[in-house]
Amino acid sequence: MAALLAAPSAQAADTPPAAATLVAPAASPVATLQARWAEIKYGMAANAQAAAFETLAKEADAAVAAHPRDAAVLTWRGIIEASWAGAKGGLGALSLVKKAKADFEAALAIDDAVLDGSAHTSLGSLYYQVPGWPVGFGDEDAAREHLEAGLRMNPAGIDSNYFWADFLRDQGDDAGAIAAFRKALAAPPRPGRESADAGRRGEIEAALAALEG
């Protein structure tokens, strides 16, 4: 089983503030969803996260209903659904990752570069974490394609490099993973995203310790 469905790891790409198409940034609820996601992901006990992400997913549903053509909102609903799946674990989470995949694809159809490539990074992370056919839609080639697209759009980003590193680790390329994790660790801070940045850096440091130790 891939990691996303096998254990409550709640891995999902966390991205910079929205630059949504067709909706003015001030009107977008993305910042609220981002902040609550970080509180749950990095501030709650693992056994409480699934219920909290379920509640946040309902808020994301309302945001999408209000802003159906906002690619950033769609991306963040997908991130929340994927995080909920990771917290829930098991085959019961598969329907959630399928919904997340659909949201990322819908976001990319509206704006291929939304959130500096975050939809690509998020979709790529699903493709390598979800089991392949006949259980799921996992696909290493598709994962690489989307993760590389995310890197092209945000080459210095903490999340684009984190998930690229995690993919390389999953592929057995420890040297490449270490280099990418170190690049993620050196990413510039994101104003307003301090909690998410701190939590992600903690994950990166733990991954490096495991790879190097």
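The structure under discussion appears in the preceding block.
Residues numbered from 1 in each chain as written. Predicted model: local features only at pLDDT ≥ 70, side-chain atom pairs only at ≥ 80, totals over all residues. Heavy atoms only, no water.

Asks: Where do I start with the overall build of the protein chain in this structure?
Replies: When its secondary structure is counted, the protein chain shows 10 helices and zero strands. When the helices and strands of the protein chain are listed from N to C terminus, the series reads α-α-α-α-α-α-α-α-α-α. Going through the 213 residues of the protein chain one by one, you find that 54% of them count as buried. Split by element, the accessible area of the protein chain, about 8,800 Å² in all, is 56% carbon and sulfur. (Helix = DSSP H or I, 4+ residues; strand = E, 2+ residues; numbered from the N terminus. Buried < 20%, exposed > 50% of the residue type's maximum accessible area, 1.4 Å probe, protein only. Areas by Shrake-Rupley, 256 points an atom, 1.4 Å probe, with all protein chains shown as cover.)

Asks: Which parts of the structure should I look at to understand the packing of aromatic side chains?
Replies: Within a pair of aromatic rings, the relevant descriptors are the distance that separates the centres and the angle that separates the planes. This model, assessed by the stated rule, comprises seven aromatic pairs. Taken together, a centroid distance of 5.6 Å and an interplanar angle of 90° make the contact between Tyr127 and Phe137 edge-to-face. A residue pair is termed long-range when its members are at least 10 positions apart, and Tyr127 in helix H6 (residues 114–129) and Phe137 in the loop between H6 and helix H7 (140–153) qualify at 10 residues. Like Tyr127, the residue Phe137 is buried in the burial classification. An aromatic cluster is defined as three or more aromatic residues linked by ring pairs; in this entry it consists of Trp37, Tyr42 and Trp76. The ring of Phe137 carries Lys101 above its face, with NZ or CZ at 5.4 Å from the centroid. Positioned above the aromatic ring of Tyr162 is the side chain of Arg200, whose terminal nitrogen or guanidinium carbon lies 4.5 Å from the ring centre. (Phe/Tyr/Trp six-rings, centres within 6.5 Å; stacked < 30°, edge-to-face > 60°. Lys NZ or Arg CZ within 6 Å of the ring centre and 35° of its normal.)

Asks: Before we go on, may I ask you to explain the nonpolar core in this structure?
Replies: Where a protein is soluble and globular, its nonpolar side chains tend to be buried together. Trp37, Phe53, Trp76, Ile80 and Phe181 are the most contacted members of the largest nonpolar core, which has 61 residues in total. Sort the elements by how many residues they give to this core and helix H4 (residues 71–88) lands first, with 11 residues. Setting aside its immediate chain neighbours within four residues, Ile80 contacts Leu33, Trp37, Phe53, Leu56, Ala57 and Ala60. (Core = buried A, V, L, I, M, F, W, Y, C linked by side-chain atoms within 4.5 Å. Contact = heavy atoms within 4.5 Å.)

Asks: When you look at the packing of H4 against H6 in this model, what are you seeing that I'm missing?
Replies: To describe two helices that pack against each other, one gives the angle between their axes and the distance between the axes. Close contact between H4 and H6 brings their axes to 10 Å; oriented N to C, the two are set at 30°. One way to sum up the angle between H4 and H6 is to call them roughly parallel. Here H4 and H6 pass one another in a crossing that is left-handed. Packed against H4, whose contacting residues are Ala71, Ala72, Thr75, Trp76, Ile79 and Ala82, the element H6 presents Val114, Leu115, Ser118, Ala119, Ser122 and Leu126 at the interface. Classifying every residue of the contact of H4 with H6 gives nine nonpolar, three polar and no charged. (Axes fitted to C-alpha atoms, helices over the stretch in contact; angles between N-to-C directions. Parallel < 35°, antiparallel > 145°, perpendicular 65-115°, else oblique. Left-handed = near helix turned anticlockwise from the far one by under 90°. Nonpolar A, V, L, I, M, F, W, Y, C, P; charged D, E, K, R; others polar.)

Asks: I'm lost on the pattern of salt bridges in this one. Help?
Replies: Proximity of charged atoms lets side chains of opposite charge pair with each other. Per the stated rule, a full pass over the model turns up 12 salt bridges. Ionic pairing is found between Glu203 and Lys41, a salt bridge with its closest N-O pair at 3.1 Å. Here Lys41 lies in helix H2 (residues 30–43) and Glu203 lies in helix H10 (residues 194–212), a separation of 162 residues in the sequence. By relative accessible area, Lys41 is classed as buried at 9%. One salt-bridge network, in which partners are shared between bridges, spans Lys41, Asp159, Arg190, Asp197, Arg200 and Glu203. (Salt bridge = Lys/Arg side-chain N within 4 Å of Asp/Glu carboxyl O.)

Asks: Can you walk me through H2 in this structure?
Replies: Helical periodicity: at 3.6 residues per turn, an α-helix aligns residues three or four positions apart in one direction. Taking 1.5 Å per residue as the helical rise, H2 with its 14 residues ought to reach 20 Å, and the 19 Å between its terminal C-alpha atoms agrees with that figure. Looking at the buried positions of H2, the neighbouring elements they touch are helix H3 (46–66), H4 and H10. (Expected span 1.5 Å × (residues − 1).)

Asks: Would you explain the environment of Glu54 in this entry?
Replies: Mapped onto the elements, Glu54 comes out in helix H3. Considered as a pair, Glu54 and Ala87 are 33 residues apart in the sequence and their alpha carbons are 9.9 Å apart.

Asks: How should I be thinking about helix H5 (residues 94–110) in this particular structure?
Replies: Here H5 spans 25 Å end to end across 17 residues, near enough to the 24 Å set by a 1.5 Å rise per residue. Listed as buried for H5 are Leu94, Leu96, Val97, Ala100, Lys101, Asp103, Phe104, Ala107, Leu108 and Ile110.

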